[in-house]
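# Geometric and topological summary
If you want the building blocks of each chain, they are given just below.
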Amino acid sequence: MKILVGVKRVVDYAVKVRVQNNTVDLKNIKMSLNPFCEIAIEEAVRLKEKKVADEVVAVSIGPKQATETLRTALAMGADRAIHVMTDLRTDYMELQPYAISQIFEKIVEQEQSDLVLLGKQGIDSDCGQTGPMLAGLLGWPQVTFASKIEADDDGGMTVERETDSGMESIRIPQLPAVITCDLRLNEPRYATLPNIMKAKKKKVDTMIAEDMGIDLKPRNEVLRVFEPPARKEGIMVDSVDSLLDKLKNEAGLLS
Amino acid sequence: YKRNDGILDPMAKVGSGVTKNRLNDEVRHSGMQFVVDPGADATIGGMTACGASGTSAVKYGSMRNNILGLECVLPDGTFVKCGTAALKNSAGYDLTSLITGSEGTLGVITSVLVKLHPIPEHIVSALCVFDDLFKAAEAVAMLKLRDSPLARCELLDKTSISAFNRYSKTSGNSSHEKMEEKPTLFLEFHGYSKKSIEDNIEFVKKICVEDYDALNFTFTSGEEERKSLWAARHNLYYASISLRKGATGAIVTDACVPLSSFARLMTKTAEDIRNLDVVGPCFGHAGDGNFHCVLPVLEDDSEDYLGRLQQVNDNLIRRALEAGGTCSGEHGIGYGKIKYLSHQYGSGGLHMMKL
């Protein structure tokens, strides 16, 4: 089984972003591997360790620094990587999920992948659309927000997913399929030093996004980007009556 | 961390407010980690000020061994840079060591240059059960004497184990198997290869079983299984508190002695606890000769009970000092242990500290 995993280079989860010129300011900002993509790579590597899969290929779309993200995926256990080079912003400002899924579609066809694992969403755009759109383009079954993935003996897979109303178990009778990975699927490993060294020698192929014959123009127009309003300072009340009065008359929380 | 033509130095400069988990999260894709593990997600600055230690000290040492330098501000506003990025330093007084563990009495630490170590490639956890606490503690002393390659070495007395068994049952954690309520050694091995770890385990197992009558020796390498094996140790504080219904806090004792006296100190303290009829599991970073008792306290405990708890602590410290040990292995002095310092160091030592 050949697994393709998407790994996105995003603003690090701990960074407090600033808005400049109606867009998120990315200058000198720390970038990292999208946490959900990290979970996807971990799952793919585990499937390989269980001998369910025999190859894991990591794919990233982005500027030349995206190769660092790919090296991390390789250090975690991916066998080789594909870097789709583009200087377009991948945080929804320029490159959007529809174009991204078309890029993935082309690569999946080229690689003849059996399973595509993606993070459930990028923490920059929070769209969660690439997985479903890719499945739609390929005509493949999809299961999103996977919290458990098990390969069945007959070549199918059983996936558990967490929803707001509870857990559900979905069976994919046969591959190929697209699965997007949620937080509790696994805890990604720390890459050890020797694996990091080995990763430097693993193959990374480069493609140019603009040369792939896909219309990369955004389908949606971003009208405005702004920071949430600063939290207003709290006020101290001096009595319970005063508190009740404010809750009733100012906050409108009591009738 | 500093770079030099592709070879990275295993160190990181961190602001003192950065917590240990945040630091490890930050460097995790470099294959390195910060090894001092006090069990709580403490700030690096705080850990430095308290000279923190943890379960990894038996192999990697405490904060003192993992700091190359630091920056601090003295009470008069002077900014001081201590230490060096080099691995050895013979220039001037060792200010870094002086500030480490100074508990905020000498200055405010603003940043620390910490050492990093590679994340181990292979980890195996092991459990070794003994019939007798004294024998278990002696086994550890011998293991250390032989320079055994242990990454973690914790000894839990039978009260600790039974606390854990009770705690697992009541907290609904039925995935944990009931453990034998006997003194148990929790061990961890790190290595480059499976073979090197296997050799280490054989070595340690032989000493425990043949020379110190260990009852059994089990080990495992899978991550989930290791967590499960060490569950009793990880949950120890909460399991201990729950030994006394309604306890929300505890007095935790801390003392450290040369390994030759460790067995005697730990068993005598366990005896005291029994004789004074108080509740308190004992467990130790046995490889360092350091152990703690968790003595749960209830809000409405009588003066008499509290007095007996104090007695356990006083006896413990008295014996530790008699053995040439220290009244505080890890937790610092604070205000509560100032009174022991003159006994431990004598007037000369105190005089120099006051300088």
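Not measured: the values here are computed from a predicted model. (Residues numbered from 1 in each chain as written. Chains lettered and ligands numbered in written order. Predicted model: local features only at pLDDT ≥ 70, side-chain atom pairs only at ≥ 80, totals over all residues. Heavy atoms only, no water.)

### Some details on the overall build of chain A
Stated formally: Under the scheme used here, helices are H or I runs from DSSP no shorter than 4 residues and strands are E runs no shorter than 2 residues, and both carry numbers assigned from the N terminus. Burial classes follow relative accessibility: with a 1.4 Å probe on protein chains only, a residue under 20% of its type's maximum area counts as buried, one over 50% as exposed, and anything between as partly exposed. Two residues form a contact once any of their heavy atoms are found within 4.5 Å. His is not counted here, nor are the chain ends, while Lys and Arg score as positive and Asp and Glu score as negative. The location of each charge is read from NZ of Lys, CZ of Arg, CG of Asp or CD of Glu.
Check the secondary structure of chain A and you find six helices and 13 strands. Its C-alpha atoms give chain A principal-axis dimensions of roughly 70 × 40 × 40 Å. A buried classification covers 45% of the 255 residues belonging to chain A. Of the contacts formed within chain A by residues at least 6 apart in sequence, a portion of 69% connects residues at least 24 apart. Computed over 34 positive and 40 negative side-chain charges, the separation of the two mean positions in chain A equals 5 Å.

### Here we look at the overall build of chain B
Under the convention used in this document: Within these notes, the globule rule equals 2.2 Å times the number of residues to the 0.38 power, and the radius of gyration is based on C-alpha atoms. Per-residue and other accessible areas follow the Shrake-Rupley method at a 1.4 Å probe size, with only the shown protein chains counted as cover for residues.
Assigned secondary structure in chain B consists of 14 helices and 16 strands. The globule rule puts the C-alpha radius of gyration for 355 residues at 20 Å, and the 21 Å found for chain B is close to it. Taken over the C-alpha atoms alone, chain B extends approximately 55 × 55 × 40 Å along its principal axes. For chain B, buried positions account for 50% of its 355 residues. The long-range fraction of contacts in chain B, counting pairs at least 24 apart against all pairs at least 6 apart in sequence, stands at 72%. Surface summary for chain B: the accessible area is close to 17,400 Å², and the carbon and sulfur share equals 52%. The averaged location of the 43 negative side-chain charges in chain B is 2 Å from the averaged location of its 38 positive side-chain charges.

### Considerations on the interface of chain B and chain A
The test is simple: Buried area counts how much accessible surface, traced with a 1.4 Å probe, disappears from two parts once they are put together, with both parts' losses summed. Here, a salt bridge means any Lys or Arg side-chain nitrogen found within 4 Å of an Asp or Glu carboxyl oxygen. Pairing of N or O atoms within 3.5 Å defines a polar contact, subject to two protein rules: one partner must be a possible hydrogen donor and the other a possible acceptor, and residues neighboring in sequence count only if both atoms are side-chain atoms.
Chain B puts twelve residues into the contact, and the matching count from chain A is 13 residues. Together chain B and chain A conceal approximately 1,100 Å² of surface at their shared face, both sides included; 54% is due to carbon and sulfur atoms. For chain B, the biggest contributors to the area lost against chain A are R28, H29 and I119 of chain B; these three give 43% of the whole. Joining chain B to chain A, the criterion identifies two salt bridges. The residue E38 of chain A makes a salt bridge to R28 of chain B at a minimum N-O spacing of 2.6 Å. For the interface between chain B and chain A, the tally reads four residue pairs in polar contact (both at pLDDT 80 or more). Among the elements that take part in the side of chain B that touches chain A, helix 1 (residues 20–27) of chain B stands out by supplying three residues, more than any other.

### Here we look at the state of the cysteines
By definition, a disulfide links two cysteine residues through a covalent bond between their sulfur atoms. Definition in use: Two cysteine sulfur atoms make up a disulfide if the distance between them is within 2.5 Å.
As enumerated under the stated definition, the model contains zero disulfides over all chains in all. In this structure C181 of chain A is not part of a disulfide, and its nearest cysteine sulfur, from C37 of chain A, lies 8.9 Å away. Note on C72 of chain B: no disulfide assigned, nearest cysteine sulfur contributed by C82 of chain B at a separation of 4.6 Å. Exposure remark for C72 of chain B: the relative accessible area of 1% places this residue in the buried category.

### A look at the side chain of D12 of chain A
Relative to the helices and strands, D12 of chain A resides in the loop between strand 2 (9–11) and strand 3 (19–20). In contact with D12 of chain A, not counting residues within four places along its chain, are K30, M31 and S32 of chain A together with R22 of chain B.

### Things to note about the confidence of the model for chain A
Here is the rule: pLDDT runs from 0 to 100 and stands for how confident the predictor is about each residue.
Per-chain confidence: chain A averages 92 in pLDDT, with 100% of residues scoring 70 or above. When mean pLDDT is compared element by element in chain A, strand 1 (residues 2–6) of chain A scores highest at 97, while helix 6 (residues 240–250) of chain A scores lowest at 83.

### Looking at a nonpolar patch on the surface
Threshold: Residues enter a patch when their relative accessible area is above 30% and they make no salt bridge; the linking distance is 9 Å between like charges and 5 Å between nonpolar side chains (Val, Leu, Ile, Met, Phe, Trp, Tyr).
A grouping of V240, L244, L253 and L254 of chain A is seen on the molecular surface, where their side chains present a nonpolar patch of about 390 Å² in accessible area. The residue L254 of chain A is located in the segment after helix 6 in this model.

### Quick notes on the confidence of the model for chain B
Residues of chain B with pLDDT of at least 70 account for 96%, and the chain-wide mean is 86. For the stretch residues 1–5 of chain B, pLDDT sits under 50, and the model shows 13 contacts to residues farther than four places along the chain or on other chains.

### Quick look at empty space enclosed by the protein
Residue and element names in this part refer to chain A. The cut-off we apply is this: Buriedness for pockets is judged along seven lines, at least five of which must meet protein on both sides within 12 Å for an open set on the 1 Å grid over protein atoms alone, while cavities are sets there where a 1.4 Å probe fits but cannot get out, and lining residues have an atom within 4 Å of a point. Grid points are joined across faces, edges and corners, and a volume is the space filled by probe spheres set on the points.
For the structure on display, the rule yields two cavities of 30 Å³ or more. Counted as a void, the largest cavity has a volume near 330 Å³. Looking at the largest cavity, it is lined by 28 residues, and the ones nearest its centre are K8, I100, F104, G122 and T130. Listing elements by their share of the lining of the largest cavity, those giving two or more residues are strand 6 (55–62), helix 3 (97–111), strand 8 (115–119) and helix 4 (130–138).

### Overview of helix 4 of chain A
Residue and element names in this part refer to chain A. The condition that has to hold: Directions from the helix axis toward the C-beta atoms define the arc.
Taken as a whole, helix 4 has its buried residues at T130, G131, L134, A135 and L138. For helix 4, the angular spread of buried residues about the axis comes to 130°, placing them on one side. Those residues of helix 4 hidden inside the fold are in contact with helix 3, strand 8, strand 9 (142–151) and strand 12 (177–181).

### So, the environment of T19 of chain B
All names here are of chain B. As for its placement among the helices and strands, T19 is situated in the loop between strand 3 (11–15) and helix 1. Look at T19 and you get partly exposed, because its relative accessible area is 21%. When the C-alpha positions of T19 and S30 are compared, they lie 18 Å apart, and in sequence the two are eleven residues distant. Discounting chain neighbours no more than four positions away, the residues touching T19 are D41, A42, T43 and I44.

### With respect to helix 8 (residues 194–212) of chain B
Residue and element names in this part refer to chain B. As a reminder of what qualifies: To estimate how far a helix should extend, the number of its residues minus one is multiplied by 1.5 Å.
Between the first and last C-alpha of helix 8 there are 26 Å, a value that for 19 residues agrees with the 27 Å anticipated at 1.5 Å per step. Residues of helix 8 that are buried include every one of I197, N200, I201, V204, I207, C208 and Y212, and no others. For helix 8, the arc enclosing every buried residue in end-on projection is 130°, short of the 170-degree limit, so these residues lie on one face. Turned more than 90 degrees off the buried face of helix 8, the exposed positions are K194, K195 and E210. Looking at the packing, one finds that the buried side of helix 8 touches strand 9 (122–129), helix 6 (133–145), strand 11 (184–191) and strand 12 (216–220).

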